[in-house]
Amino acid sequence: MLKSGYTIEDFNAIVGGDFLQKSQHNIIKHIVTDSRKFELREGCVFFALTGSRSNGHAYIKDLYHSGVRIFVVSQNLDLNNLAQATVILVDDTLQALQKFAAHHRDLFHFPVVGVTGSNGKTIVKEWAYQLLYRDFHIIRSPKSYNSQVGVPLSVLLMNENHNFGVFEAGISQPHEMQKLEKIIKPTIGIFTNIGPPHQENFSSVDEKIGEKLKLFAHSNVVIYCRDHNDIHRNVKRKLKSQNLLSWSMSIPADLTISLIEPLEKSTKLTGVYKGKTKSITVPFTSPASIENICHLWLLLLYLEMDDEKISRRFQELTSVAMRLEQLDGINGCVLINDAYNSDINSLTIALDYLKFQSKNKRYTAIVSDILQSGEDEQTLYTRVADLIRSRKIDRFFGIGKELLTHKSLFTEVEARFFETTSQFLKTVSKNDFSKENILLKGSRSFEFERIADFLQEKSHETVLEIDLTKMVENLNYVRSILHPATQIMAMVKAFAYGAGSYDVARILEYNRVDYLAVAYADEGVSLREDGITIPIMVLNPELSSYDTMIRYRLEPQIFSFRTLEYFLKSLRSSNESENYPIHIKINTGMNRLGFDLNDISKLGEVLANQNNVRVKSVFSHLAASDEEAFESFTRKQIEEFKLASEMLESKLNHRFLRHILNSSGILRYPDAQMDMVRLGLALYGITTHAEFQEKLQPVSSLKTVISQIREVKAGEGIGYSPKTRLVKNSKIAVIPVGYADGLPRLLGNGVGNVWIKNSVAPIVGNICMDMTMVDVTAVNCNEGDEVEVFGSHLDIYEMAEHLQTIPYEVLTNISQRVKRVFIQE
Ligand SMILES: *Cc1c(COP(=O)(O)O)cnc(C)c1O
C-alpha cells in the first residue's frame, strides 16, 4: 500500500461505490478480508466478501467492536450499531477488491514477474526472490497467496520502496485468469508446467493451458520449457506479440541444456545461450527442482546478470520449506515450527496461526533476525515489535545481532535477546517452558531445528502424521457439492477417527463447520477445556454424564423415553432449565439407537408439554449408504425419516434441523442433504467410492524409522517362534512399531508391507508388541531412514483388506502412544 494510504474518496471513485455513511475515519492503509486474523491498525478497511459458505457481513459487528472503522459491503446493513464507521456500498466486494488492486498495480512501473502453471509456482517465486533480493527491493506474494483473493491482497502490498515484483497466480476454473492478469499485469511471465490439478473443470488440456496463458496477455516476455509439447503448441498459437524465451533439454531453444551432470548432492547444468556455453551448479538433484531452476536461469539471463554472479547465486540457493509443523512440546506446550522463509509477511501469518491455538493460555514467540528483507533495520524491527504487541504475545525471544541491537523497540512484552541460537540454548532451561503455545520462526541460517529438538517432547519414533491442509481441502470439496445453506456437522468421535480430537476440532472450528459430534461426554469436555466453543453433539450420552454435559453445554442425542426422562430430570436440578438444545435420533432401519416410527406421536406430546429442552435437530443414520445393492433400502430409510420428522414437526410447532447423510450418503444421495449432513470418513480423505477417491486426499500417514539393519543368512528365522526360514541371505530392517501401536499381528509373515525409499518391503516373521521386521534385501536403505506403514504410497484400503476390515478400524486402532504430528502447507 502507499505510505500515505488512500483517501476514502479516492478509493470510492476507484471501486465505484456509494457511501452509506461517512465518519472521521477517512484513510485506507491496510486491507482485512478475514475477520479471524487481522492486526488492528489505523486505516484498516474490512471487505465483507461473500463466498458460497461464508458471508463476511456476518462479522461486521464483531469487527466494529474490535476497532475496525471502515467497511466495504455489498448488502445493506443496520448502521445503528456502527455509529463511528465509514461504510461503502459496492455491487460486489470481491470485484471491488480486485479493481482496487488493479488500480494500485498501475501506479508502479518496475518489472513484475508473474508465475503460473500447475506445480512449482511457490518455489519458483521464492527462488526468484533468493536469487534477486540483493539487486532489487522485491515485493512478492506471501506464502502461496495466488487465488482470486490472495492475488489482490499480495499486489496491494506494493509500495514506494519496491522496485521489483514477483507474484504467483493460480486458477481452478475457466475465466479466472483474466481477472488476475488485470491485477498482476506481469511484464515477465514464467509458465512452470502443466499437470492434472483442476483438470475436471476444463474440457481439455489445451483449454486449461490457454486459460493460464491469459496471465501473459500484456507481458513483454514469457519463459517456458520447450519440452512440454502441449505448452509449446499453445504458447505459439496464443502468444503472438510476446517475446518467447524457451529452454529445452532435447532440442534447440533459447537456452539449450546440453549436459546434466548429477553430482553427490548437487547437479551441474551446462547450456548454450545466444551462442555461448555457460554452466551452473545447483545444490539440488530432483527433476522437479532442475525444471524450476532452468526457468530461473533463463530469467537471470534475460535480466542480463553476469555469468559469474549467476553461478554464485545458484550455488547459494536453499530449499524452500513450505509446511508448518505442529508438535507436542515439553511440559504441555504446543510447538509450532514454521521453517518457511522468514520475512515480515510470513511472520504475520505464523503469529496468527500461533494465536489460533487455544490449548494453552500463554503465547511465546521465538524469532530470529529477518534476513534478506531489503528494508532498513529500524523500520523492519519496528514492524516486528508492533506485530508482537498487536498479537498480544506474552513472551518474546529474539535471536540474532539485529534483534539484539533493536531490543529497545520491544515494549509491553516480556522479552529476552540472544546473539546466537547456541547462546539461547545455553542460557534457557526446559523448565522455562510450560503450558504455553510456542512459535519457532527462524531464518534458515539460525538452525532453529536445534531449538525444535530441544523443545519437542521426546517420544518413540513412530508418528501418525496428519495433514491438516488436506483435511481442509476435503472439507471444501464436500462443501462444493452441497447447497450453500446446508450445515455441516463434523464427526470427531473416537479421537477424530484416530487423528487427534483437539487439533482436528480446532481447524474445523476455524474453517467454520457448524457442529462437532463426539461419542462420549468426556471427549466433549476436553474439547471445551481446550477452548472449542462451537456446538457439540454427544452421540452416546451416558446417564451418569448428564450433569457434566449440561455444565459444559454439550448437546445430547436423545434416543429413548428413558434417556429423555433422565435428561429432563438432570436439567431441572441444574440452572439450565429452559430450552436446552437436544437432538432426537430416529431409527429407520439401522436398528441401533433411536425412537421407532410408532414412538413419534407420544414423543411429540412429551416434548410439547415441557420447556426444559428444545429440539435442535432430528436425525437418523443410514445403514448401507456405501453399498449400491442397498439403494432402495436406503431410499426407504430416507422416506421414513422424512415422514417421522414431519410428524414430529407438526406436534412441536417449531422448525428444527433435519439430517440423515453420513460421508457416503453425502457423496451418493446429495438430494437428501436436508438441513445438515454428518461428515466423517470423507473428511479424513477416505471413501469406498473410486470416483470420489480422486477428489479426496487421505490425511493420515503412519510413519517410523529404521532402528537397525542386519544381514541374516539363508536358513535362519526372524523374530518370535519363526514359522519359516529365510530361503536366501537377506537384509532385514527392524522398525519400532508393533501391535501395541496398532499394527495388527495379522499383517506378519509376508501379509503386509511397508514403504521404504520408494520400494515396497514385506513384513517378515511375527509382528512383536513394539517392533516389526521387514525384508529390505532389494532396498537401498540405511538405519534412520523413514518408513511409511500407510499413507500416500501404501494406501490404507489395502491394509484394511489384508485385515478383512474397513479403514475406520485401522485408523481408530492406532494407539494413543503414537504421537500425532500435524502439518500444514
Ligand atoms: C460416525 C457417524 C457418522 C459419520 O459416518 P462416516 O461414514 O464416517 O461419514 C454419521 N452419523 C453417525 C450417527 C455416526 O455415528
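First, a word on what this report is: a plain description of the structure on this page. (Residues numbered from 1 in each chain as written. Predicted model: local features only at pLDDT ≥ 70, side-chain atom pairs only at ≥ 80, totals over all residues. Heavy atoms only, no water.)

Here the focus is the overall build of the protein. The helix and strand tally for the protein stands at 27 helices and 39 strands. At 29 Å, the protein has a C-alpha radius of gyration in line with the 28 Å of a compact globule built from 825 residues. Taking the principal axes of its C-alpha atoms as reference, the protein extends roughly 90 × 85 × 60 Å. The burial tally for the protein puts 56% of its 825 residues in the buried class. For the protein, the share of sequence-separated contacts (at least 6 apart) that also reach a separation of at least 24 residues comes to 66%. (Helix = DSSP H or I, 4+ residues; strand = E, 2+ residues; numbered from the N terminus. Rg over C-alpha atoms; globule rule 2.2 N^0.38 Å. Buried < 20%, exposed > 50% of the residue type's maximum accessible area, 1.4 Å probe, protein only. Contact = heavy atoms within 4.5 Å.)

The nine strands lie next to each other as β9-β10-β8-β11-β12-β13-β14-β15-β16, forming an open sheet whose pairing is mixed. Of all the strands in the sheet, just β9 (138–140) and β16 (276–282) have a single pairing partner and so form its edges. Geometrically, the sheet is characterised by an average inter-axis angle of 20 degrees between neighbouring strands, direction not taken into account. In terms of strand pairing, strand β8 (residues 112–116) meets strand β10 (residues 164–168) through four bridges, oriented parallel. Bridged to V113 within β10 is V166. (Pairing = 2+ DSSP bridges. Axes fitted to C-alpha atoms, helices over the stretch in contact; angles between N-to-C directions.)

The next subject is the side chain of R528. Within the secondary structure layout, R528 lies in helix α19 (residues 521–529). It turns out R528 is buried and unbridged, and the closest side chain with the opposite charge, E555, is 5.9 Å from it. When neighbours within four sequence positions are excluded, R528 is seen to be in contact with T533, I534, P535, I536, Y552, R553 and L554. (Lys, Arg positive; Asp, Glu negative; His and termini not counted. Salt bridge = Lys/Arg side-chain N within 4 Å of Asp/Glu carboxyl O.)

A few words on the nonpolar core. F410, L508, L516, F567, I584, Y684 and I756 are the most contacted members of the largest nonpolar core, which totals 141 residues. Here this core takes seven residues from helix α11 (residues 344–356), the largest share from any one element. Aside from chain neighbours lying at most four places away, what touches F410 is Y381, V384, A385, I388, F396, L403, A415 and F417. Judged by nonpolar contacts, the second largest core, of 49 residues, contains I14, I28, L97 and F216. (Core = buried A, V, L, I, M, F, W, Y, C linked by side-chain atoms within 4.5 Å.)

For the second largest pocket, the calculated volume is near 640 Å³. As for the second largest pocket, its lining consists of 29 residues, of which K493, Y497, M590, R592 and H621 are closest to the centre. The dominant element in the lining of the second largest pocket, judged by the number of residues it contributes, is helix α17 (residues 493–497), at three residues. (1 Å grid on protein atoms, 1.4 Å probe; cavity = no way out; pocket = protein on both sides within 12 Å on 5 of 7 lines; lining within 4 Å. Points joined across faces, edges and corners; volume = space filled by probe spheres on them.)

Attention now moves to the site of the ligand. The environment of the ligand is made up of M491, K493, Y497, L539, R592, H621, N662, S663, R678, G680, L681 and Y808. Between an oxygen atom of the ligand and a side-chain N or O atom of K493, the distance comes to 2.6 Å. At 2.8 Å from an oxygen atom of the ligand is found a main-chain nitrogen or oxygen belonging to L681. Relative to its unbound accessible surface of 390 Å², the ligand loses 94% to contact with the protein. Counting atoms within 2 Å of the grid points, the majority share of the ligand lands in the second largest pocket. Residue composition of the shell around the ligand, by class: five nonpolar, four polar and three charged. (Near = heavy atom within 4 Å. Polar contact = N/O pair within 3.5 Å; in protein donor to acceptor, adjacent residues only side chain to side chain. Areas by Shrake-Rupley, 256 points an atom, 1.4 Å probe, with all protein chains shown as cover. Sits in = over half its atoms within 2 Å of the grid points. Nonpolar A, V, L, I, M, F, W, Y, C, P; charged D, E, K, R; others polar.)

In terms of burial, strand β15 (residues 267–273) is largely enclosed, as five of its seven residues are buried. In this structure, strand β14 (residues 255–262) lies alongside β15, joined through seven bridges in antiparallel fashion. Among the inter-strand pairings, I257 is bridged to a residue of β15, identified as G271. Here β14 folds back onto β15, and the loop between the two strands holds four residues.

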